[in-house]
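Okay, here's what each chain looks like letter by letter:
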Amino acid sequence: MNITIKYFGQLTDITHLEEETLEFGGTYVYELLETLYRKYNTLKTKDFQVAQNQELVDKKTKITGHEIALLPPFAGG
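Note that the coordinates shown come from a computational prediction; the quantities given were computed from them, not determined experimentally. (Residues numbered from 1 in each chain as written. Predicted model: local features only at pLDDT ≥ 70, side-chain atom pairs only at ≥ 80, totals over all residues. Heavy atoms only, no water.)

### A look at the overall build of the chain
From N to C terminus, the chain includes 2 helices and 5 strands. Tracing the chain from N to C terminus, the helices and strands come up as β-α-β-α-β-β-β. The C-alpha atoms of the chain give 12 Å as radius of gyration, which agrees with the globular expectation for 77 residues (11 Å, within 12%). Dimensions along the principal axes, computed over C-alpha positions, put the chain at roughly 35 × 25 × 20 Å. When each of the 77 residues of the chain is scored for burial, the buried share is 36%. Restricting the contact set of the chain to residue pairs at least 6 apart, pairs at least 24 apart contribute 48%. When the accessible area of the chain is evaluated, it comes to approximately 5000 Å², of which 47% is carbon and sulfur surface. Averaging the positions of the 8 positive and the 11 negative side-chain charges in the chain gives two centres separated by 6 Å. (Helix = DSSP H or I, 4+ residues; strand = E, 2+ residues; numbered from the N terminus. Rg over C-alpha atoms; globule rule 2.2 N^0.38 Å. Buried < 20%, exposed > 50% of the residue type's maximum accessible area, 1.4 Å probe, protein only. Contact = heavy atoms within 4.5 Å. Areas by Shrake-Rupley, 256 points an atom, 1.4 Å probe, with all protein chains shown as cover. Lys, Arg positive; Asp, Glu negative; His and termini not counted. Charge placed at Lys NZ, Arg CZ, Asp CG, Glu CD.)

### Examining the pairing of strand 5 (residues 67-71)
Among the 5 residues in strand 5, 4 count as buried, and that is most of the element. The pairing of strand 1 (residues 2-7) with strand 5 spans 4 bridges and is parallel. Bridge pairing in strand 5 links Thr 4 to Glu 67. One ladder, built from 4 bridges, connects strand 3 (residues 49-52) with strand 5; its direction is antiparallel. Across the sheet, Val 50 pairs through a bridge with Leu 70, a residue of strand 5. (Pairing = 2+ DSSP bridges.)

In C-alpha cells:
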C-alpha cells in the first residue's frame, strides 16, 4: 500500500522533505518507523509522536490509513 508520510518541524531538516509517499508492505506503525529509521538514521535520535489520519497513535497501532504524520514536540504558551 502507498502511505503518505508528513514531516514537521525539525524532522523536515533530517529528511529534507515535508512529505513523501512510500510503498509499504508492513502492518504496524513500528514497522513503518523501522523502514524510516533505515532511510533516515538520525530519526532514531529524535523525539516525536506519530499521527494516523490526524489522530495520535502508538507504535503498536495497525496502519489502516494512508496518511501518517511525524510530529516533534511543540512548545506553546
